[in-house]
Amino acid sequence: MLMDNRSRNRRRVTENHLLRILVFFLLQYHLWISLSFVNATSNVYIVYMGVKKYEDPATTTKSHHKILSTLLGSKEAAKDSILYSYKHGFSGFAARLTKTEAEKVAELPGVVQVMPNQILKLHTTRSWEFIGLNSHSSDNLLTESNMGEGTIIGVIDTGVWPESESFNDNGIGPVPSHWKGICQEGEQFNSSNCNRKLIGARWFMKGMVDMIKRPIKTIQNKEFLSPRDAIGHGTHTASIAAGNFVDKASYKGLASGLARGGAPLAHLAIYKACWATGCSDVDILKAFDKAINDGVDIISVSVGYDIPLFSYIDQRDSIAIGSFHAISNGITVVSSAGNDGPISQTISNTAPWLITVGATTIDRAFLAAITLGNNQTLWGISIDTTKENRGFTDLTYSERIAADNADSSAEDCQLGSLNATLAAGKIILCFSKSATHKIGTAEVSVQQAGGVGLIFAQYRANGLEPCFLIPCIKVDYEVGTQILSYIRKASSPIAKLGFPKTVIGKWVSPKVASFSSRGPSSMSPSVLKPDMVAPGVDILAAYSPVGAKDSTIEYALQSGTSMACPHVAGIAALIKSVHKDWSPAAIRSALVTTASQFGTDGMNIFEEGPTHKEADPFDMGGGHVNPNKAMYPGLVYNITTQDYVQFLCSMGYNNASISNLTRKTVICLEHGINLNLNLPSITIPNLRKKATVTRTVTNVGHINSVYKAVVRAPYGIKMRIEPQVLRFNKTTRVISYKVRFFSTQKNVQGDYTFGSLTWTDGENFVKSSIAIRAVKFQSYSYA
C-alpha cells in the first residue's frame, strides 16, 4: 500500500512537471504567434525622402517603386503597397507596411524618416467691414488689389458645396495661365461643378480609410466620396477666404447682409483631405504636394494637432513639412492656432514659416430679451429662432428640480440630472461651471426632462450654438444671478424668452476669443505665436445643407480659429495681387507689424474668458489684422529658406536630416536657441543676464526714408538699439540693426514681460512685439 502511494506520488510529480513544461512551451508559442501577428499586421507609414531629386514626377514615382521593390521583392508588390507618391513639392510615399518592413525601409539610402499615419483634428457679412475692407469704398486694399483677381487660394479642408451662391463665377476673370490643377470627379461631383471661381477640386481618403479600418461612408449617415462637402467646415472656410458676392445672405434671418470673402474675385482650389473623423497625415501631405504642383498662390489650412507637439522635421507634423515645401516654392501658408484657449502653451501650428492665426470677436451680437414676472427685462444672446413657447411660462432653477438632491450635476443640467415631474412645462435656469459643458448638452437634458425653455448661465465663452429642440438663451453669471435672485424671491416665478435680433456696433471689440489657443509655443518658445488674430466668432459664411441637417440652410454662423485663418488667407491673397514679387515672409511681416493693439474704444485689446485681462502677445501676437495698413507697411522682415534651415539647425537637428529638405548640403552654423531668425517679433525665453538680437529690414516704401526707433522696454529689462536711425535711399534698401537686452532683475525668477520696438518715418509704424523671460536658474530655461 505504501509503495503504491509512493508510485502514485511520483507519477503525479512527473505529470505536473511535464504539464508545466507543456504550458511554458504553449505560452512561448502563443507569445511568438502574437509577436508575429503584430509584425505581420500592415499599417500605413509615411516614407519621407526630402526634396525631390527629379523634375519629372513619373521618374520620381518610379524611384519610389524601385526603392520599395528591393524590400518587397517585386515592383508589383511595391505598387500594391503604395497609397500615394509625393512627387511635386517633395519626395516620398505613403505605403502599407508591416512594422518590420517599416523598420527596414528606414535603413535604406535616401530615406529621411518613416512615421506611422495619424489623425489631425479640424480646428461673412460683417467681419470684412469691421476690419476695414468695405467693398463700397474706393480707398482700401480690397479695391486697390482688384479684390484679389488672378490669385489662387488653395483650401485644405472637408471639401466644398459647389452649388452655394458664394462660388458662382459672375464677374470672375479667366482661369490663370499658371494653373495646372484638375476638377476631380466623384460621388455627386463632376467637372461641371467647377467654374472660373471654383477652378479645381481634389479629394484624398486613402490615409483615413486605413486609420479607421472601415469604409468612409460608415462614419456618418451621409458622406461623399468626392470633393463634395458633407460636413460644412470646408465650405465655410473657403467662402470666408474668397467667396463671391451674395446679397441678402443670413442665418434664419440673423446677420443679414452682403456676404463675401476676403478676396471675392480670387479663384479657389479645393483639397478635401478631412472627413467627419478628422484628417489623416498621409492625405494632408498629398494635398500639399498637389497644391504646390497645381500652382496655388496661397494655402489656407484650418487643421492642427493637440499638444504635445511634434518637432518640425518630424514627419508626424505633416502641416509643418508640407508648408515648408510650399513656402520654399513661394506659396504663403496660413494656419489656425487651435481652439484650446484660454490655457497658455496650447498653440498649435507653431513652425516659424507658417502664419498662425488666433480668433477675435467682432462688433456684432445677437441679443435676446428675457422678461421676468416682475416686469424686469434682462438680455442674453441666442441664435435660436424657433417659434414655440414664447409666452410667459413657469421658471425654475435646475438645482430645485434635481433628480437626486445629493447630486450636484443638476446645477449645470447634465444629462439625466433633472426630475421630469418637476421640470415639465417650465423654463429651466442652469449654471455651467466650465467651458466644456455646452449649451447643446443642457438643451437635451432639459428637453428630455420635459422642460420647454433654457436659460444657460456661463462665463464669457465665445461662440453661439443653435438649439433645435427648445428655445435657448445664453447669459453671463451676472445676469444669471439676477434671474436666480428673482426665482428665490418670487412665489410663482415666470419668464418670457424673446426672439434674437442682430445688433451691430454697440460693444467694444475686438476681443481675443476665450477658445483661441495661446502661446508661448511649447515646441519653439523663441518664435512668437500666434502671429496675429482675426475675426473668428459667429462668422456667417456658406455651409453645406447636409452638414446643417437642414436643406434650407445655405449660410451658417460658426466660431473657431478655423474661421479666423481664412480671413487672413483672403487678405494675403489681396496683398499678393498688389505685390506679386513679395515672399511669404514679407507678406507675413506686413500683416504682423501693422496689426492693431486697440479696440473700438481706443483702449488696448482685452481677452474674453475667465480672467478678462488685457491681451498680451501670447494671446494675439502682433495684434488684430489691419489689411489696409498691411498693403503698404513701409518696412518688411524677409526670411529665406536657408534662414529657416539654420533655425532648424539651432533646434538640434543634424546636418543629414535637414539636408534632405533642400537641394544643397547643409552645414549647421547655429546651435542652441536661435534668436536671430529674422522674424517681425522678438522673443527671448531664457534671458539670464544679457543677449543681443539682430534683425534686418527691407524698405518697401518711399525710396528716401528715415526711420527712428521708438522703444517700450519690457518691465525689468533695459534695451539698447544700434543704430537708432535707419536711412534708406536708392542704393541702401536693406539695413540690419542690433537690439541689446539687459536684465535688471537680481533676486527673482521672472515670468514673461512684454514690450515693443517700433520703427517710424512719421507715416508708417512698423511694430515688433517683444516677449522676454528673465531666468536665474539654468534648469528652468528652455535651452
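Conventions used here
- Residues numbered from 1 in each chain as written.
- Predicted model: local features only at pLDDT ≥ 70, side-chain atom pairs only at ≥ 80, totals over all residues.
- Heavy atoms only, no water.
- Buried < 20%, exposed > 50% of the residue type's maximum accessible area, 1.4 Å probe, protein only.
- Helix = DSSP H or I, 4+ residues; strand = E, 2+ residues; numbered from the N terminus.
- Disulfide = S-S within 2.5 Å.
- UniProt positions renumbered as here; feature names shortened; annotations may be inferred.
- Polar contact = N/O pair within 3.5 Å; in protein donor to acceptor, adjacent residues only side chain to side chain.
- Contact = heavy atoms within 4.5 Å.
- Patch = residues over 30% accessible without salt bridge, like charges linked within 9 Å, V, L, I, M, F, W, Y side chains within 5 Å.
- Areas by Shrake-Rupley, 256 points an atom, 1.4 Å probe, with all protein chains shown as cover.
- Salt bridge = Lys/Arg side-chain N within 4 Å of Asp/Glu carboxyl O.
- Lys, Arg positive; Asp, Glu negative; His and termini not counted.
- Charge placed at Lys NZ, Arg CZ, Asp CG, Glu CD.
- Pairing = 2+ DSSP bridges.
- Axes fitted to C-alpha atoms, helices over the stretch in contact; angles between N-to-C directions.
- Phe/Tyr/Trp six-rings, centres within 6.5 Å; stacked < 30°, edge-to-face > 60°.
- Lys NZ or Arg CZ within 6 Å of the ring centre and 35° of its normal.

1. So, helix H19 (residues 641-650)
Move 1: The element H19 is largely enclosed, with a buried count of seven among its 10 residues.
Move 2: The complete set of buried residues in H19 reads Tyr644, Val645, Gln646, Phe647, Leu648, Cys649 and Ser650.
Move 3: Just beyond H19, the residue with positive phi is Gly652, at close to 100°.

2. Examining the state of the cysteines
Move 1: Following the criterion strictly, the structure yields five disulfides and no others.
Move 2: Across a sulfur-sulfur distance of 1.8 Å, Cys413 and Cys430 are joined as a disulfide pair. On the sign convention where negative is left-handed, the bridge of Cys413 and Cys430, at about -75° about the S-S bond, is left-handed. Linking Cys413 in the loop between strand S19 (393-397) and helix H11 (420-423) with Cys430 in strand S20 (residues 427-431), this pair joins segments that are 17 residues apart in sequence.

3. Here we look at the UniProt feature "active site" (unreviewed entry) in the protein chain
Move 1: Here the UniProt-annotated "active site" (unreviewed entry) positions come out as Asp157, His233 and Ser562. In sequence the annotated residues extend across 406 residues, while in space they remain close, none of their C-alpha pairs exceeding 9.9 Å.
Move 2: The residue Asp157 is located in strand S6 (residues 152-157) in this model.
Move 3: Here the side chain of Asp157 touches His233 through a polar contact of 2.6 Å, side chain to side chain.
Move 4: Tracing the chain through its elements places His233 in helix H8 (residues 233-242).

4. A look at the environment of Ile270
Move 1: Inspection of the secondary structure assignment puts Ile270 in strand S10 (residues 267-272).
Move 2: The spatial distance from the C-alpha of Ile270 to the C-alpha of Gly234 is 8.5 Å, given a sequence separation of 36 residues.
Move 3: Apart from residues no more than four positions distant in its own chain, Ile270 is found in contact with Val155, Gly159, Val160, Leu198, Gly200, Ala201, Arg202 and Ala238.

5. Looking at unusual backbone geometry
Move 1: Omega for the peptide link from Lys529 to Pro530 comes to 0°, which places this bond in the cis form.
Move 2: Residue Pro723 follows Glu722 across a cis peptide bond; omega there is -5°.
Move 3: A positive phi angle is found at Lys248, which is not glycine, with a value near 60°.
Move 4: Structurally, Lys248 is set in strand S8 (residues 246-251).
Move 5: Using a relative accessible area of 69% as the deciding quantity, one classes Lys248 as exposed.
Move 6: Unlike most non-glycine residues, Lys549 shows phi in positive territory, near 55°.
Move 7: Mapped onto the elements of the fold, Lys549 is located in the loop between helix H14 (545-548) and strand S27 (555-558).
Move 8: Since its relative accessible area comes to 78%, Lys549 is described here as exposed.

6. Some points on a positive patch on the surface
Move 1: On the surface, Lys62, Lys66, Lys75 and Lys79 cluster together into a positively charged patch.
Move 2: Mapped onto the positive patch, the elements with two or more residues apiece are helix H2 (57-72) and helix H3 (75-81).
Move 3: Here Lys66 falls in the exposed class, since its relative accessible area comes to 58%.

7. Things to note about the sheet that holds S10
Move 1: Taking strand neighbours across the sheet as the criterion, the seven strands line up as S7-S10-S6-S13-S15-S16-S25 in an open arrangement whose pairing is parallel. Both outer strands of the open sheet, strand S7 (198-203) and strand S25 (532-535), are each paired with one neighbouring strand and no more. Adjacent strand axes in the sheet meet at a mean angle of 25°, parallel and antiparallel pairs treated alike.
Move 2: In this sheet, S25 lies alongside strand S16 (residues 355-360) in parallel orientation, the contact comprising four bridges. Bridging across to S25, Val357 finds its partner in Met532.
Move 3: Along the sheet, H8 contacts S6 and S10; its crossing angle with S6, the most-contacted strand, is approximately 160°.

8. Some thoughts on the sheet that holds strand S34 (residues 734-743)
Move 1: Pairing within the open sheet is antiparallel, and its four strands lie in the order S28-S30-S34-S32. Each edge of the sheet is formed by a strand with only one pairing partner; in this case those strands are strand S28 (635-636) and strand S32 (717-722).
Move 2: Across six bridges, S32 lies against S34 in antiparallel orientation. Pairing of Lys718 across the sheet is with Phe742, part of S34.

9. Observations concerning the side chain of Ser432
Move 1: Here Ser432 is to be found in the loop between S20 and helix H12 (439-448).
Move 2: Owing to a relative accessible area of 0%, Ser432 belongs among the buried residues under this scheme.
Move 3: The contact partners of Ser432, leaving out residues within four places of it in the chain, are Asp412, His437, Phe456, Ala457, Gln458 and Tyr477.

10. Regarding the packing of aromatic side chains
Move 1: In the structure shown here, the tally under the stated rule is 10 aromatic pairs.
Move 2: Measuring from centroid to centroid gives 6.2 Å for Phe431 and Tyr477, while their planes differ by 15°, and the two rings are stacked. A residue pair is termed long-range when its members are at least 10 positions apart, and Phe431 in strand S20 and Tyr477 in helix H13 (residues 477-489) qualify at 46 residues.
Move 3: On the accessibility criterion, Phe431 (11% relative accessible area) is buried.
Move 4: An aromatic cluster is built from Phe324, Trp353 and Tyr644, whose rings are joined through pairwise contacts.
Move 5: Over the aromatic face of Trp161 sits the side chain of Arg228, whose NZ or CZ is 4.6 Å from the ring centroid.
Move 6: The ring of Phe224 has Arg228 lying over it, and the distance from NZ or CZ to the ring centre is 5.9 Å.

11. Overview of the environment of Pro174
Move 1: Tracing the backbone through its elements, the reader meets Pro174 in the loop between S6 and S7.
Move 2: For Pro174, a relative accessible area of 65% corresponds to the exposed category.
Move 3: For the pair Pro174 and Lys197, spaced 23 residues apart in the sequence, the C-alpha separation amounts to 8.9 Å.
Move 4: Once you skip the residues sitting within four places of it in the chain, Pro174 turns out to touch Arg196 and His267.

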